[in-house]
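Structural characterization, general
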Amino acid sequence: SLTSEASIQLRHPRVQGENHDLADKVQVVDVPDVDAPIGASQEVKVAAPANGGYIGFSNIDLTGITALTLRTAQAPGLTAGGSVELRLDTKQGTIIGLAPIDQSKLGFSEQKVAIDPTDGLYDVYLLFKTSDDKDAIVTALDWVFFHGS
């Protein structure tokens with residue numbers, strides 16, 4: 001007789017940017033974290049995508065997910081600001097949300113972004129864009145949090 005087995009991977013709703021499953025034009029670097037509690041590590045790993053680069057997370061169940069929070073960092077002369085498009089399945093996929101990245105907010109900040117209601121498993125792509133420089137680093141992404149309803 002034939003048998004089969006299926007498994008699922010459970011993820012924490014907060015996913016570190018450097019733990020992406022898919023990526024293009026992204027560096028993983030250590031940056032100072034001035035918000036770290038005293039005694040904790042003062043550096044944090046971040047994913048630093050260039051203009052047109054993306055970070056993807058595979059097989060994310062978006063059922064009941066209403067928003068994402070992005071923790072990003074901006075630094076003069078190192079990042080350009082711009083936007084992050086939240087897309088389904090490919091970097092050219094359907095846009096379900098858009099997050100402007102304000103270059104004037106120096107250091108780390110969190111931004112909650114509503115997404116279009118979407119049910120089921122998808123690869124979720126974060127596509128980073130800026131109009132400043134075709135090779136500029138858009139932002140430093142620390143983590144993404146998936147909010148349920």
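Nothing here was measured: the structure is a model prediction, and the numbers come from that model. Along every chain, residues carry numbers that run from 1 in the direction the sequence is written. Owing to the predicted nature of the model, reporting of local features is limited to residues with pLDDT of at least 70; listing and counting of side-chain atom pairs is limited to 80 or more, with chain, interface and lining totals taken over all residues. Where side-chain values are given, they derive from all heavy atoms of the structure, hydrogens and water being excluded.

**Focus: the packing of aromatic side chains**
Centres within 6.5 Å make a pair out of two Phe, Tyr or Trp rings, where for Trp the six-membered ring is used; the pair is then stacked when the planes are under 30 degrees apart, edge-to-face when over 60, and tilted otherwise. A complete count under the given rule lists one aromatic pair for this structure. Centroid distance Tyr54 to Tyr125: 5.1 Å. Interplanar angle 55 degrees. Geometry classified as tilted. Here Tyr54, found in strand β3 (residues 43-61), pairs with Tyr125, found in strand β8 (residues 121-129); they are 71 residues apart in sequence, far enough to count as distant. In this pair, the class of Tyr54 matches that of Tyr125, namely buried. Geometrically, a charge over a ring is one whose NZ (Lys) or CZ (Arg) sits within 6 Å of the ring centre while staying within 35 degrees of the ring normal. Stacked on the ring of Phe108, the Lys or Arg Arg71 has its end atom at 3.9 Å from the ring centre. Each helix is a run of H or I in the DSSP string that is no shorter than four residues. Each strand is a run of E no shorter than two, and both are numbered from the N terminus. Under the scheme applied here, a residue whose accessible area is under 20% of the maximum for its type counts as buried, over 50% as exposed, and between as partly exposed, the area being computed with a 1.4 Å probe on protein chains only.

**Comments concerning the side chain of Asp142**
With respect to the helices and strands, Asp142 occurs in strand β9 (residues 140-148). For Asp142, a relative accessible area of 3% translates into the label buried.

**Regarding the environment of Gln92**
Here Gln92 is to be found in the loop between β5 (82-88) and β6 (95-101). It is 13 Å that separates the C-alpha atoms of Gln92 and Ile55, two residues lying 37 residues apart in sequence.

**Section: the pattern of salt bridges**
Take a side-chain nitrogen of Lys or Arg and a carboxyl oxygen of Asp or Glu: if they are within 4 Å of each other, that pair is a salt bridge. The full count for this structure, using the stated rule, is four salt bridges. Arg71 is paired through a salt bridge with Asp142; the nearest N and O atoms lie 2.5 Å apart. Taken together, the residues Arg71 in strand β4 (residues 65-74) and Asp142 in strand β9 connect sequence positions 71 residues apart. Overall, Arg71 belongs to the buried group, its relative accessible area being 8%. Among the ionic pairs, Glu85 bridges to Arg87, the shortest N-O distance being 2.7 Å. Through salt bridges with shared partners, a single network forms among Glu85, Arg87 and Lys129.

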